[in-house]
Amino acid sequence: MANRVLVVDDEKLIVKGIRFSLEQDGYEVSCAYDGEEALNMAKENTYDIILLDLMLPKMNGLDVCQQIREFSSVPIIMLTAKGEDMDKIMGLEYGADDYITKPFNILEVKARIKAILRRARKPEKAEEKTKVVQAGDLKLDCDSRRVFIGDGEVNLTAKEFDVLQLLVFNPNKVYSRENLLNIVWGYEYPGDVRTVDVHIRRLREKIEDNPSEPRYVHTKWGVGYYFQA
């Protein structure tokens, strides 16, 4: 079954180029040209991944991303023409899984998509051992990639789930930010370690009663992060 991609950009030539290239690789591609249209399509349809431009008419990409996160954990890659670090960090703060700065090479876009989709379906070996992990009030269902705190479900992004799963399966093992970046995002990822800090902070806000005094995801000062229930 073909992976479904939603491409959102007000520059129609860019959308046309991305759509053509992805369809050549067997993807099923839908397109939106402003923020409101993108949000409505995300509500009414199911996509495997969304490419979302930052600067859009009617509603900007950050607001679209934030509102999508209220009802979906679909992987989102932000597309931005701005090179400033703050734009990239803001995209991640609002729930994006990755970002690509324009002008981009379509081969890079396809590589990022493949990497995210591959990670969204992994890891088979870990799941064979334990499909559900319980640690205190936290329950991690690896099969469905869902997380629960008590009786309530927590809506994590794909990358937030990947980070939590890695830490949960290796309790008390301290991972440096560089290690987490390499393992979860891949050695070819061009971002910096602040990406990890943003995701850890968002993860804590979602699973911890008091993010400043975490019960699950702890900091080893000067070293990195680790999981302990």
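Because the structure is predicted, anything quoted here is derived from the model rather than measured. (Residues numbered from 1 in each chain as written. Predicted model: local features only at pLDDT ≥ 70, side-chain atom pairs only at ≥ 80, totals over all residues. Heavy atoms only, no water.)

(A) Structural context of the UniProt feature "modified residue: 4-aspartylphosphate" (unreviewed entry) in the protein. UniProt records the feature "modified residue: 4-aspartylphosphate" (unreviewed entry) at D53, using the numbering of this structure. Beyond its immediate chain neighbours, meaning those up to four positions away, D53 contacts V8, D9, D10, G61, M78, L79, T80 and K102. (UniProt positions renumbered as here; feature names shortened; annotations may be inferred. Contact = heavy atoms within 4.5 Å.)

(B) Region of the structure containing the sheet that holds strand β5 (residues 98-101). Spatially, β2-β1-β3-β4-β5 is the arrangement adopted by the five strands of the open sheet, whose pairing is parallel. Since the sheet does not close on itself, it has two edges, and those belong to β2 (28-32) and β5, each with one partner. Averaged over all pairs of adjacent strands, the angle between strand axes in this sheet comes to 20 degrees, irrespective of strand direction. Here strand β4 (residues 76-80) runs beside β5; their pairing, made up of four bridges, is parallel. Directly across from T80, in β5, lies its bridge partner T101. Its contacts with the sheet put helix α2 (residues 35-44) on β1 (4-8), β2 and β3 (49-53), and the angle it makes with β2 is roughly 140 degrees. (Pairing = 2+ DSSP bridges. Helix = DSSP H or I, 4+ residues; strand = E, 2+ residues; numbered from the N terminus. Axes fitted to C-alpha atoms, helices over the stretch in contact; angles between N-to-C directions.)

(C) Main features of the nonpolar core. L140, L164, L167, I207 and V217 are the most contacted members of the largest nonpolar core, which has 28 residues in total. Every element with two or more residues in this core is listed here: β6 (132-135), β7 (138-141), α7 (158-168), α8 (177-185), α9 (194-207) and β11 (224-227). At six residues, the largest contribution of residues to this core is made by α7. Beyond its immediate sequence surroundings of up to four residues, I207 is in contact with L138, I149, V154, L164, Y216 and V217. Residues L39, L56, V64 and C65 belong to the second largest nonpolar core, which totals 25 residues. (Core = buried A, V, L, I, M, F, W, Y, C linked by side-chain atoms within 4.5 Å. Buried < 20%, exposed > 50% of the residue type's maximum accessible area, 1.4 Å probe, protein only.)

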